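Here's the letter readout for the chains.
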Amino acid sequence: MQRCATLCGRQTALSMVEKNGFPGIIRSEIVGRYRQIRKRKKETEMLVNYHTHTERCGHARGSERAYIETAIARGLETIGFSDHAPMPFPDGHVSGYRMTPEELPGYVETLLALREEYRGRIEILIGLEAEYYPHVFGAFLALLAPYPIDYLILGQHFLRDETGAPYPGHPTSDESVLREYTDQVIAGMRTGAFSYVAHPDVMNFTGADETYLPYARRLVRAAKELGLPLEYNLLGQADGRQYPRKSFFAVAAAEGADVIVASDAHDPERVAEPGELRKATALLSELGVHPLTRIRLRPVPKHL
Ligand SMILES: [Zn+2]
Ligand SMILES: [Zn+2]
């Protein structure tokens, strides 16, 4: 009843404005505001997914078009592609889970063409998911510099500069790995190059919570200080991985950090999957977290 009364009130105000012919600028402001209210998503809906992969990484399936079509069918306003970024390792190391530097032009050209084709139906953003590898990062930014990349997300899949370094997703109770992971993610955040942190809780620490939580708090506080949202990852949730970690998001809630929900889709069907969104909404609202619907994208620096 309360909701109906509120909505009816807005409709009355709107029709009065239209009838009385208020000056154009005021009228359009009021109409725009009304539309915004109508457009506001339901808690379990997604308007933007910033985390989408393509076949170039070698472990995702489906064409870009298939991801876009699913996004449209599920009511998204924007789909952001963020495939695993190419890394120009100085020793020529070729990573098995990312596009090669030679594939970058094709990635960008394909998405630019689709952006034009789908204009008016859905907004398409061109991003990349990258680790912060200190000694490769300058060369990485230089590699991206000629291309219109809209944003980067920080997904710290390996430590140090990847080669021969621990994978934080492997279970460990070694506090030194947890410390290294936390330090490296915070250093990555501080570059100013990233728009948000993907699966910040990917670290599979199996030791006691009293050891884990101070590191989680340090990471969350740094993100808050820098204004960087933390991602609640639907792929980890759907696959029953070690993340999303409830205790991590309890810290995020306690610290008042920004949270964004993203699909991390490696399959077109996984974009904005309704069942996963419902599950995420239930858990986050239990913790008192109200995720953002959109984030502020930071321009990708051309150099360090
Ligand atoms: Zn992946
Ligand atoms: Zn990803």
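Remember, predicted model here, so these are calculated numbers, not experimental data.

Some points on the packing of helix 9 (residues 246-255) against helix 10 (residues 274-287)
Helix 10 packs onto helix 9 with a crossing angle of 50° between their chain directions and a minimal axis gap of 9 Å. Comparing their axes, helix 10 and helix 9 come out oblique. Crossing hand, helix 9 versus helix 10: right-handed. Residues Lys246, Phe249, Ala250 and Ala253 of helix 9 touch helix 10, and the partners they reach there are Leu283, Leu284 and Leu287. Of the residues contributing to the contact of helix 9 with helix 10, the split by class is 6 nonpolar, no polar and 1 charged.

Overview of unusual backbone geometry
Backbone torsion omega between Tyr243 and Pro244 reads 0°, so that peptide bond is classified as cis. By secondary structure assignment, the location of Pro244 is in the loop between helix 8 (234-238) and helix 9. Backbone geometry at Glu162 places phi at a positive 80°, although glycine is not the residue there. Glu162 sits in the partly exposed class, given 17 other C-beta atoms within 10 Å. Not every positive phi belongs to a glycine, and Asp264 is a case in point at roughly 50°. Position of Asp264 relative to the elements: it lies in the loop between strand 7 (259-262) and helix 10. Judged by C-beta crowding, with 26 C-beta atoms within 10 Å, Asp264 ranks as buried.

Some points on the pairing of strand 3 (residues 123-130)
Taken across its 8 residues, strand 3 has 6 buried, putting it largely inside the fold. Two elements, strand 2 (residues 78-84) and strand 3, share 7 bridges in a ladder whose sense is parallel. By the bridge assignment for strand 3, Phe81 is matched with Ile126. Considered for its hand, the β-α-β crossover made up of strand 2, helix 4 (residues 104-117) and strand 3 is right-handed. Bridge count between strand 3 and strand 4 (residues 151-154): 4 bridges; the pairing is parallel. Counterpart to Glu129 in the pairing with strand 4 is Ile153. Each parallel crossover has a hand, and the one from strand 3 via helix 5 (residues 137-144) to strand 4 is right-handed.

Some thoughts on the confidence of the model for the protein chain
Here the protein chain shows a mean pLDDT of 89. Residues at 70 or above account for 86%. Throughout residues 1-39 the model reports pLDDT below 50, and contacts reaching past four residues in sequence, or to other chains, amount to 9 contacts.

Re helix 7 (residues 209-226)
Between its first and last C-alpha atoms helix 7 spans 25 Å; for 18 residues at 1.5 Å apiece the expected length is 26 Å, and the two agree. Looking at helix 7, one finds that the buried residues are Tyr212, Tyr215, Ala216, Leu219, Val220 and Ala223. Taken around the axis of helix 7, the buried residues stretch over an arc of 135°, which confines them to a single face. Exposed and facing more than 90 degrees away from the buried side of helix 7 are Glu210 and Glu225. Packed against the buried residues of helix 7 are helix 6 (175-190), strand 5 (196-197), strand 6 (230-233) and helix 9.

Focus on the pairing of strand 2
In regular strands, side chains alternate between the two faces of the sheet. Among the 7 residues in strand 2, 6 count as buried, and that is most of the element. In this sheet, strand 2 lies alongside strand 1 (residues 48-49) in parallel orientation, the contact comprising 2 bridges. Along strand 2, the bridge assignment pairs Val48 with Thr78. The parallel pair strand 1 and strand 2, bridged by helix 3 (residues 64-73), forms a crossover whose chirality is right-handed.

Quick look at the environment of Asp258
Among the structural elements, Asp258 can be located in the loop between helix 9 and strand 7. For the pair Asp258 and Ala223, spaced 35 residues apart in the sequence, the C-alpha separation amounts to 8.3 Å. When sequence neighbours within four positions are dropped, the list of residues in contact with Asp258 reads Pro229, Leu230 and Leu292.

About the cut-offs
Residues numbered from 1 in each chain as written. Chains lettered and ligands numbered in written order. Predicted model: local features only at pLDDT ≥ 70, side-chain atom pairs only at ≥ 80, totals over all residues. Axes fitted to C-alpha atoms, helices over the stretch in contact; angles between N-to-C directions. Helix = DSSP H or I, 4+ residues; strand = E, 2+ residues; numbered from the N terminus. Parallel < 35°, antiparallel > 145°, perpendicular 65-115°, else oblique. Left-handed = near helix turned anticlockwise from the far one by under 90°. Contact = placed C-beta atoms within 7 Å. Nonpolar A, V, L, I, M, F, W, Y, C, P; charged D, E, K, R; others polar. Buried ≥ 20, exposed ≤ 12 C-beta atoms within 10 Å, placed from the backbone. Pairing = 2+ DSSP bridges. Right-handed = clockwise from strand over helix to strand, strands pointing away. pLDDT = per-residue confidence, 0-100. Expected span 1.5 Å × (residues − 1). Arc of directions from axis to C-beta.

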